[in-house]
Each structure stands twice: as C-alpha cells, then as structure tokens.
Amino acid sequence: MSVDVAAYTSLKKELEAKGATLVAVSKTKPLEDIRELYDLGQRDFGENYVQELVEKQAQLPADIRWHFIGHLQSNKVKYIAPFVHLIHGVDSEKLLREVSKGAQKAGRSIDVLLQVHIAREETKFGFDAAELDALLEQPETTALPALRLRGLMGMASFSPDPALVRSEFKSLAELFRKGAARFPHFDTLSMGMSADYRIALEEGSTLVRVGSLLFGSRN
C-alpha cells in the first residue's frame, strides 16, 4: 500500500484548523489504498474518469462522498447522477442543464460547482469572469430543478511563481464572494492541490483536492 499515513494525518489537522475539507484524489489508485484512507476516517474522494468512478463506487463503502473532479461530458452524467456527492467542473450552461435532467431522473438533488478559468494555460476549462456573471444573472439557469449551485472551482497556473498562483486564487475568491452574497447555498470554494493548497487556503479555499501527497505519484 502506498498511502502516506503521516502526511494524511498532518494534512487533516492543517485543514481542520482552517475549516477546510480534504478531497483525497484517488484517480488511478487501487481499492486497497482508498480503503486504507477510509479506515483512517477519510470520506471525501475525488475521481476524474466516469467509468473508474462507477466501478469504484460499486465496490467501496456506501457512505463515501464521491466528488467528480474531471472534465465531465454531458452524455456521461447519467452514470454518476444516482450517487455523486459533488460535481466540481461544470463549465458550460449545457452541462448544467444536463446535470439537472440527470438529477431529476435519479430522483435526487445534485450539488455542483461552476468551473472558472483563472490560469494562463489555454488547456484549462471553465467560464471567464464575464461569462460567469452572465450565467448567474439568468434565473432560469440558477434555479434549475434538482440542482444546487454550491460555489466555484478553479485551477491555478502550473507555475513556480507563487505570486502568480496567489493572484489567480485571489481573483477566484473575489468572484466566489460575489456569488455567496446572492445565493443561499453558495458556500464552497474548491481551489488548491498538492503543490499550491497552502496558498489556496490563505486566499479562502474551503475545499482542497490532494492526491500525490497522500498516495504518491500517479500510476
């Protein structure tokens, strides 16, 4: 098993002191590693691929809170709609509507985060600030049935420059504060990963996605 128990224990204490939630990024990791963290008390796990998530969900304890943190295709929403706890990367109005449809068919409500493009890399997905503002102005979108907008998610540039990363997180936190002032369920700001989570916490992150610090490098 490759779980770093000491790193996990230390990270949990650090996040609890800040009032933030840890999502253990378990993509490509074996069931045994997830079970080991589960036995230590971890309940929030993040997966990037729909098929892998569906397979793991069927074989692991029912009280795990599964976070979908990858780029979600509209035609795959139906596979995770019955059980997903939180979808982090809703990056289009079309996907938002599809999640609402999937939630209604599954007979439950689904929580989502809107993904905002804050990084310099063009490969990252998400709304820009103007698109986000326009979306949040549409009552027919923000009040879709069986769907709750819980907040925002963003990924900073993959950069060794902490000032750049901080500025990107700061801009996302400002957008989050504006949303939180308007929507009652807007309480989750997902930003920060293994390399930059401390900066994210300092800028107001309420949820960090950490994989390599816990499980080692990706398989």
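Residues numbered from 1 in each chain as written. Predicted model: local features only at pLDDT ≥ 70, side-chain atom pairs only at ≥ 80, totals over all residues. Heavy atoms only, no water.

1. A closer look at the environment of Val112
Position of Val112 relative to the elements: it lies in strand β5 (residues 110-115). Taking the relative accessible area as the measure of exposure, Val112 reaches 0% and is therefore buried. In this structure the C-alpha to C-alpha distance between Val112 and Val84, which are 28 residues apart in sequence, comes to 9.9 Å. Not counting the four nearest positions on each side in its chain, Val112 is found in contact with Leu86, Ile87, Val90, Leu96, Val99, Leu147, Arg148, Leu149, Arg150 and Gly151. (Helix = DSSP H or I, 4+ residues; strand = E, 2+ residues; numbered from the N terminus. Buried < 20%, exposed > 50% of the residue type's maximum accessible area, 1.4 Å probe, protein only. Contact = heavy atoms within 4.5 Å.)

2. Quick notes on the nonpolar core
Ile80, Ile87, Leu96, Val112, Leu114, Leu152 and Leu214 are the most contacted members of the largest nonpolar core, which totals 61 residues. The biggest single contributor to this core is helix α8 (residues 162-180), with six residues. With residues near it in sequence (within four places) discarded, Leu114 still touches His88, Val90, Leu96, Phe127, Leu132, Leu135, Leu136, Leu149, Gly151, Leu152 and Met153. Membership of the second largest hydrophobic core comes to five residues, among which are Val23, Leu113, Met153 and Leu207. (Core = buried A, V, L, I, M, F, W, Y, C linked by side-chain atoms within 4.5 Å.)

3. Section: the UniProt feature "modified residue: N6-(pyridoxal phosphate)lysine" (unreviewed entry) in the chain
If you check UniProt for "modified residue: N6-(pyridoxal phosphate)lysine" (unreviewed entry), the listed places come out as Lys27 in our numbering. Locating Lys27 in the fold gives a position in the loop between β1 (21-25) and α2 (31-39). (UniProt positions renumbered as here; feature names shortened; annotations may be inferred.)

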